Amino acid sequence: MLAWVSGLLLSASIGGSAAPGNLDAELRAALLRAGFTGRIESTLEPRLGRSVDPPLANLGRLLWFDKAGGLHSDNTCGGCHSPSRGFGDTQSVAISIQNNNLVGPRRTGPRNQRRTPSAANTAFYPSLMWNGRFFAPSGDPFDNSQGYSFPLPEGVTRFPSFDPLVNHLLIAQAHMPPTELVEVAGFTGTRGTIGPEFDPFDDGQGGVVPPPDGSGFRNEPIRQAVLGRLNASPAYRELFGALFPEVAAGAPIDFIMFGRAIAEFEFTLIFADAPIDRFARGDDRAMTLPEKKGALVFFGKGRCAQCHSVGGESNEMFSDFKMHVAGVPQIAPTFGAGAGNVIFDGPGRDEDFGLEQITGDPADRYKFRSSPLRNAALQPAFFHNGAFTRLSDAIRHHLNAAESARSYDPVAAGVDRDLSHRLGPIEPVLERLDPLLADPIELTPSEFDNLVAFVRDGLLDPRAKKQPLCRLAPAAVPSGFTTMRFEECPRAR
């Protein structure tokens, strides 16, 4: 039996064909070897140890779309995690504060440094963000036996081991976005305190960003300012009071409550029932023939699963959640008011050093976390900086990263015009290219097309499409702030 399966796998790896029945058996064997069950979604509540709380999740939904959570008063989670894109970005490189209130292709404003990752399925991620700076040392986001690790000032003490309330990585991570100046907090009131280059971003709009506290950071003062907004809102006092008896009794809303609500909403954004999942659970008709053939390329000849893995801590998310240098061309928006609000790395200020920014170790330069591939078809761009806007181009880059990077043309790649003017040096990146990508992979045209079909369609959960998710955007929010316009969605209800 094992010899028969091995023969089938070998046949696929060299582009051989198989009868439909044999193809199904071949794919099942590959999934078994990879540790894929197609049942990861069903493990959410058992691992939480409880059912998802709909009222708490609904409160998190309202906070997600309410600008009250951002001191600059013009952006919130939903501005960068859009329901029209499976709760991912609508941009190659995120646009946050000082935007035009549109969420979609016509969004304008200063660029940040990277593309916003998707918030869907993040309940299963053991590390978050492109540089993995928020992570569970246990390797399990549901397990806080070793606490959660964040950069300073939170470090490893803000979210300690066995905290009865902060018992999932997402609850801890929800403490962070409101503290980010370039994302939602803004620069109002910071003139003369950061550096003269940032003074033009102090536009006087929204709320004043408080000064650093004794830690030297603004994180906690900003959180307290956001809580001041929520506690001053009768609507939010009532909503939190209905769920937290201490608030109903007169206690203030605190940030753990905020984090729990946001995380609970994210627990509802689980879209992990794609054709590959249904096939793995026994439905032979769930996948098309090209998707099945493409899956075999993915797990075999294409070597995709070496980084986009599914077993163990990967939680069937198609990422090893490790850091790699993938040879991605370096896109650097021009710094300045209305253009970009992040100063990039390197002597030309046109590089992104990735993980090195967190560890300080030059050996970590240009490393970024492998992107989870579920629902990748909904992304408008790929890699940490959106350097490729077509899935086929992103996949082709993996097959010969050095050649792809050296021949890269941002205009041909389809990035927005303002991102096509400055490219950082590529040779220093390729000098550090991950050995897993060093040797080119030769696929036949049909193998390549099948691989694209698998990643595009075989990993797409239809529930993540905009038609059902756009309904989650509320027509009004409790704070009374204006709502954002999701231009790829029908009118919010």
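Quick caveat: nothing in here was measured; it's all calculated off a predicted structure.

We now examine the overall build of the chain. Counting secondary structure elements, the chain contains 20 helices and six strands. Along the first, second and third principal axes, the C-alpha atoms of the chain reach 70 × 50 × 45 Å. In the chain, which comprises 493 residues, the share counted as buried stands at 57%. A separation of at least 24 residues holds for 66% of the contacts in the chain among residues at least 6 apart in sequence. When the accessible surface of the chain is split by element, carbon and sulfur atoms take 55% of a total near 19,700 Å². Both charge centroids of the chain, one from 48 positive and one from 56 negative side chains, sit 5 Å from each other.

Before going further, it helps to spend a moment on the pattern of salt bridges. Working definition: two side chains of opposite charge can pair if their charged atoms are close together. If you walk through the whole model with that rule in mind, you get 24 salt bridges. Here E41 makes a salt bridge to R463, at a shortest N to O gap of 2.6 Å. Residue E41 is found in the loop between α2 (20-34) and α3 (44-48), and its partner R463 is found in the loop between α19 (445-458) and α20 (466-469); the two are separated by 422 residues along the sequence. On the basis of relative accessible area, R463 is assigned to the partly exposed category, the value being 35%. Note that E197 is salt-bridged to R349, the shortest N-O span being 2.5 Å. In this pair, E197 sits in the loop between α7 (181-185) and α8 (219-231) while R349 sits in the loop between β4 (323-324) and α14 (356-359), placing the two residues 152 residues apart along the sequence.

We now examine the nonpolar core. Counting 51 residues, the largest nonpolar core has L63, F65, F87, L230, Y236, F240 and I253 as the members making the most contacts within it. The set of elements that each furnish at least two residues to this core consists of α4 (54-64), α7, α8, α9 (234-243) and α11 (255-267). Considering each element in turn, this core owes the most residues, six residues, to α11. Contact partners of F65, with chain neighbours within four places excluded, come to T76, G78, P83, F87, L472, A473, P474, V477, M484 and F486.

Right, let's get into the state of the cysteines. A full pass over the atoms with the stated rule returns one disulfide. Between the sulfur atoms of C470 and its disulfide partner C489 the distance amounts to 1.8 Å. What sets the handedness of the C470 and C489 disulfide is the S-S torsion sign, and at about -70 degrees it is left-handed. Taken as a pair, C470 in the loop between α20 and β6 (485-486) and C489 in the segment after β6 lie far apart in primary sequence, 19 residues in all.

Glancing now at unusual backbone geometry. Residue P153 follows L152 across a cis peptide bond; omega there is 15 degrees. Inspection of the secondary structure assignment puts P153 in the loop between β3 (134-135) and α6 (169-173). One non-glycine residue, N375, lies in positive phi territory at about 60 degrees. Structurally, N375 can be placed in the loop between β5 (368-369) and α15 (391-399). On the basis of relative accessibility, which here comes to 8%, the residue N375 falls in the buried class.

Attention now goes to α8. The end-to-end C-alpha distance of α8 is 18 Å, a good match for the 18 Å that 13 residues give at a rise of 1.5 Å each. Looking only at α8, the buried set comprises N219, P221, I222, R223, V226, L227 and L230. Along its buried surface, α8 packs onto α4, α7, α9 and α11.

Quick look at α4 now. Along α4, eight of the 11 residues are buried, which leaves the element largely enclosed by surrounding structure. For α4, the complete set of buried residues consists of L56, A57, L59, G60, R61, L62, L63 and W64. Elements in contact with the buried residues of α4: α5 (77-80), α8, α9 and α11.

Okay, the confidence of the model for the chain next. Mean pLDDT over the chain works out to 95, with 95% of the residues at or above the 70 mark. When the criterion is pLDDT under 50, residues 1-16 qualifies, and its contacts beyond four places in sequence or with other chains add up to 16 contacts.

Rules of the game
Residues numbered from 1 in each chain as written. Predicted model: local features only at pLDDT ≥ 70, side-chain atom pairs only at ≥ 80, totals over all residues. Heavy atoms only, no water. Helix = DSSP H or I, 4+ residues; strand = E, 2+ residues; numbered from the N terminus. Buried < 20%, exposed > 50% of the residue type's maximum accessible area, 1.4 Å probe, protein only. Contact = heavy atoms within 4.5 Å. Areas by Shrake-Rupley, 256 points an atom, 1.4 Å probe, with all protein chains shown as cover. Lys, Arg positive; Asp, Glu negative; His and termini not counted. Charge placed at Lys NZ, Arg CZ, Asp CG, Glu CD. Salt bridge = Lys/Arg side-chain N within 4 Å of Asp/Glu carboxyl O. Core = buried A, V, L, I, M, F, W, Y, C linked by side-chain atoms within 4.5 Å. Disulfide = S-S within 2.5 Å. Expected span 1.5 Å × (residues − 1). pLDDT = per-residue confidence, 0-100.

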